[in-house]
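Listed here are the chains, written in short residue letters.
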Amino acid sequence: GENVEQHPSTLSVQEGDSAVIKCTYSDSASNYFPWYKQELGKRPQLIIDIRSNVGEKKDQRIAVTLNKTAKHFSLHITETQPEDSAVYFCAASKEGFKTIFGAGTRLFVKA
Amino acid sequence: NAGVTQTPKFRVLKTGQSMTLLCAQDMNHEYMYWYRQDPGMGLRLIHYSVGEGTTAKGEVPDGYNVSRLKKQNFLLGLESAAPSQTSVYFCASSTTGGSNQPQHFGDGTRLSIL
């Protein structure tokens, strides 16, 4: 069945450094790729998403890239800050079907 | 605008007891979902609904039942609670399934089964 693999499971960076989280999906028909951030004890919230007709999208310090041929997409956070510390989930979906989530990456930003 | 509201926020049950978790959304969304979140396992889909009166099984449906009698409400029932069902439960909703539509999550229900 459909599967989304996410790496790494844990990532620790120094404040100001960049962080990269990578995901691979199995269903080549997937065409929507959201990223969610979940702070400790809180709900997951959408931070950025990308559709299959776009290769890259940026929103301030956050960017997502998509490689449809290789079936992988990545989240890039630049100039990390302590408030970026959270669990990040990638996901993949296609029209009319349920969303498949990755297992999550716990990001620690050390001050 | 409350978004997605889950009740209760916390609950402790004894093995064998039953209970119902309520999810309500005020965004007129068609799709609603129930997930459970366990350490290191991400979000696993229990059941979902594509519209009022419909339900479908997700990845881990055993031991749970759901109902969507009204468009704005999605109920998750535990028939006979087991310690393996100790988890954090999240409800979510979206305008349609899949493509181009993010899911909006509630604050979660932390459930402990003793």
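Residues numbered from 1 in each chain as written. Chains lettered and ligands numbered in written order. Predicted model: local features only at pLDDT ≥ 70, side-chain atom pairs only at ≥ 80, totals over all residues. Heavy atoms only, no water.

When its secondary structure is counted, chain B shows zero helices and 11 strands. Going from N to C terminus, chain B has its helices and strands arranged as β-β-β-β-β-β-β-β-β-β-β. The C-alpha atoms of chain B give a radius of gyration of 13 Å, which matches the 13 Å a tight globule of 114 residues would have. Its C-alpha atoms put chain B at 40 × 30 × 25 Å along the principal axes. Within chain B, buried positions represent 52% of all 114 residues. Sequence-distant contacts in chain B: of pairs separated by 6 or more residues, those separated by 24 or more amount to 56%. (Helix = DSSP H or I, 4+ residues; strand = E, 2+ residues; numbered from the N terminus. Rg over C-alpha atoms; globule rule 2.2 N^0.38 Å. Buried < 20%, exposed > 50% of the residue type's maximum accessible area, 1.4 Å probe, protein only. Contact = heavy atoms within 4.5 Å.)

Moving on, we come to the sheet that holds strand β7 (residues 64-67) of chain B. All names here are of chain B. Read across the sheet, four strands follow the order β1-β3-β8-β7 without closing on themselves; strand pairing throughout is antiparallel. What marks the edges here is a single partner per strand, and that holds for β1 (4-7) and β7. The average undirected angle you get between the axes of adjacent strands in this sheet is 20°. Both β1 and strand β3 (residues 19-25) contribute to a ladder of four bridges, which runs antiparallel. If you follow T5 over to β3, its bridge partner there is A24. (Pairing = 2+ DSSP bridges. Axes fitted to C-alpha atoms, helices over the stretch in contact; angles between N-to-C directions.)

What follows covers unusual backbone geometry. A cis amide bond links H7 of chain A with the next residue in sequence, P8 of chain A, at an omega value of -5°. Put simply, T7 of chain B and P8 of chain B share a cis peptide bond, and its omega is -5°. Of note, P8 of chain B is situated in the loop between β1 and β2 (10-13). Backbone geometry places E79 of chain A, a non-glycine residue, at a positive phi of 45°. Note on placement: E79 of chain A falls in the loop between β8 (72-77) and β9 (86-92). Here N28 of chain B, not a glycine, exhibits a phi torsion of approximately 60°, which is positive. According to the relative accessible area criterion, N28 of chain B is exposed, its value standing at 56%.

For the rest of this paragraph, the subject is the sheet that holds strand β6 (residues 56-59) of chain A. Residue and element names in this part refer to chain A. Read from one edge of the open sheet, five strands run β1-β3-β8-β7-β6, paired in antiparallel fashion. On the outer flanks of this sheet lie β1 (4-7) and β6, each paired with one strand and no other. Here the strands of the sheet are splayed against their neighbours by 15° on average, with no regard to which way each runs. In the sheet, β6 pairs with strand β7 (residues 62-67) via four bridges, with the strands oriented antiparallel.

What follows covers the layout of surface pockets. Reported here for the largest pocket is a volume of approximately 710 Å³. Surrounding the largest pocket, 30 residues form its lining, Q38, L40, G41 and R106 of chain A together with Q37 of chain B being those nearest its centre. Secondary structure elements with two or more residues in the lining of the largest pocket: β9 and β11 (105-110) of chain A together with β9 (87-94) and β11 (109-113) of chain B. Here the lining of the largest pocket is built from residues that sort into 11 nonpolar, 12 polar and seven charged. When its volume is computed, the second largest pocket comes out at roughly 350 Å³. (1 Å grid on protein atoms, 1.4 Å probe; cavity = no way out; pocket = protein on both sides within 12 Å on 5 of 7 lines; lining within 4 Å. Points joined across faces, edges and corners; volume = space filled by probe spheres on them. Nonpolar A, V, L, I, M, F, W, Y, C, P; charged D, E, K, R; others polar.)

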